[in-house]
Amino acid sequence: MQFRFLRGLLLSLLFASVAHAAPEDAIRARIKAAIPEAEVVRISPAPIPGLFYVSLRNYEPVLMSADGRYLIQGELLEIQGNKFVNVEDQNMAVERKKALAAVKPEDMVVFPATGKMKSFVYVFTDVDCGYCRKLHSEMAEINRQGIEVRYLAFPRSGPESPIGTKLVSVWCAKDKQSAMTQAKRGVALPPAPALCKSPVKAQYQMGTELGVRGTPAIFDKDGMQIGGYLPAGELAKSLGLR
């Protein structure tokens, strides 16, 4: 009985302290109490007063009240004329643009445009997902549209998974383009050399922080996500090339 009383008193004190804490501290405390294993990546104000965007590693982003008591799952959309805009995606675009632009060319698997480059996209990919393979099968047509594709690694099951191992083999291959194509055709690649230091883990972590939840995830040069899989023509259209 005494233990229960003390436990109840401690919880009451915790929630009382959370209620008077700064919004970020209150939100972190609530999440820690409810989901101890969850890692908060970012907390930022939403355009609706009293609400905050919360990004969690390996979880979908959520909206939370300033005291951390209420949580809303789903997209926050703004009506702009005749279209709906994902507000969180729009807000993250600046951060994404900066982070993606900082990736070294040699740390990506790049498929250049045929002739003059008209635009480029960043694509977080793995090698086993069906739509990743479908997108890659249209690479020649995408490149003919004047679009350069810059692949980054995103093993959906984590960097230590079998998919992660396959992606390391791609990134450590002498010919990364050929290795990517072979891997997406289901061809087994040789194991990566023991001394190879691939960027797969770092790119996976960056992807989770930038809101990538599945593959393929296609971003334009301004950091806006323009799709998962898109046919070559639709991709060109979304980039303003048609």
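Residues numbered from 1 in each chain as written. Predicted model: local features only at pLDDT ≥ 70, side-chain atom pairs only at ≥ 80, totals over all residues. Heavy atoms only, no water.

Participant: Can you walk me through the sheet that holds strand β11 (residues 225–227) in this structure?
Facilitator: Across a sheet, paired strands are connected by hydrogen bonds in the backbone, their directions being either parallel or antiparallel. What the five strands build is an open sheet, ordered β7-β9-β8-β10-β11; its pairing is mixed. Of all the strands in the sheet, the pair left with one neighbour each is β7 (109–111) and β11. For this sheet the average axis-to-axis angle between neighbouring strands, irrespective of direction, equals 30°. Where strand β10 (residues 217–219) and β11 come together, two bridges link them in antiparallel fashion. Residue pairing in the sheet places F219 in a bridge with Q225 of β11. (Pairing = 2+ DSSP bridges. Helix = DSSP H or I, 4+ residues; strand = E, 2+ residues; numbered from the N terminus. Axes fitted to C-alpha atoms, helices over the stretch in contact; angles between N-to-C directions.)

Participant: What am I meant to see in a nonpolar patch on the surface here?
Facilitator: A contiguous nonpolar surface patch, about 350 Å² in accessible area, is contributed by L77, I79 and F84. Mapped onto the elements, F84 comes out in strand β6 (residues 83–86). (Patch = residues over 30% accessible without salt bridge, like charges linked within 9 Å, V, L, I, M, F, W, Y side chains within 5 Å. Areas by Shrake-Rupley, 256 points an atom, 1.4 Å probe, with all protein chains shown as cover. Salt bridge = Lys/Arg side-chain N within 4 Å of Asp/Glu carboxyl O.)

Participant: Where do I start with the packing of aromatic side chains in this structure?
Facilitator: To describe a pair of aromatic rings, one takes the distance between the centres and the angle between the planes. On inspection of all chains with the given rule, the structure shows six aromatic pairs. Residues F111 and Y151 carry aromatic rings whose centres are separated by 5.8 Å and whose planes lie at 85° to one another, so their mutual orientation is edge-to-face. Here Y151 lies in strand β9 (residues 147–153) and F111 lies in strand β7, a separation of 40 residues in the sequence. On the basis of relative accessibility, which here comes to 8%, the residue F111 falls in the buried class. Ring centres of F124 and F219 lie 5.9 Å apart, and the angle between their planes is 85°; this geometry places the pair in the edge-to-face category. Taken together, the residues F124 in strand β8 (residues 119–125) and F219 in strand β10 connect sequence positions 95 residues apart. Here F124 matches F219 in class, with each residue buried. Each member of the aromatic cluster is reached from another via a ring pair, and the members are F124, F154, Y204 and F219. Taking NZ or CZ as reference, R150 lies 3.7 Å from the ring centre of F120, over its face. (Phe/Tyr/Trp six-rings, centres within 6.5 Å; stacked < 30°, edge-to-face > 60°. Buried < 20%, exposed > 50% of the residue type's maximum accessible area, 1.4 Å probe, protein only. Lys NZ or Arg CZ within 6 Å of the ring centre and 35° of its normal.)

Participant: Sorry, what's going on with the nonpolar core here?
Facilitator: As a rule of thumb, soluble globular proteins bury nonpolar side chains together. Ranked by size, the top nonpolar core spans 27 residues in total, and within it V121, V149, Y151, V170, W171, M180 and L235 carry the most contacts. Of all the secondary structure elements, the ones that give two or more residues to this core are β7, β8, α5 (139–144), β9, α6 (162–171), α7 (176–184) and α9 (232–238). Ignoring anything within four residues of it in the chain, the contact list for Y151 reads M108, V109, F111, V123, T125, H136, M139, W171, M180 and K184. Ranked by size, the runner-up nonpolar core spans 14 residues in total, among them L100, M108, L152 and Y204. (Core = buried A, V, L, I, M, F, W, Y, C linked by side-chain atoms within 4.5 Å. Contact = heavy atoms within 4.5 Å.)

Participant: Please explain helix α3 (residues 87–101) as it appears in this structure.
Facilitator: Spacing of three or four residues puts side chains on the same side of an α-helix, whose turn is 3.6 residues. Compared with the 21 Å implied by 1.5 Å per residue over 15 residues, the 22 Å span of α3 between its first and last C-alpha is a close match. Largest kink in α3: about 40°, centred on A93. Buried residues of α3: V87, E88, D89, M92, A93, R96 and L100, and no others. (Expected span 1.5 Å × (residues − 1). Bend = angle between axes of the 7 residues up to and from the residue.)

Participant: It is not clear to me how the side chain of R42 should be interpreted in this structure. Could you clarify?
Facilitator: By the element assignment, R42 lies in strand β1 (residues 40–45). Of note is the side chain of R42, whose polar atom sits 3.3 Å from the side chain of E95. In this structure R42 touches Y53, V54, S55, E88, M92, E95 and E209, once residues within four positions along its chain are discounted. (Polar contact = N/O pair within 3.5 Å; in protein donor to acceptor, adjacent residues only side chain to side chain.)

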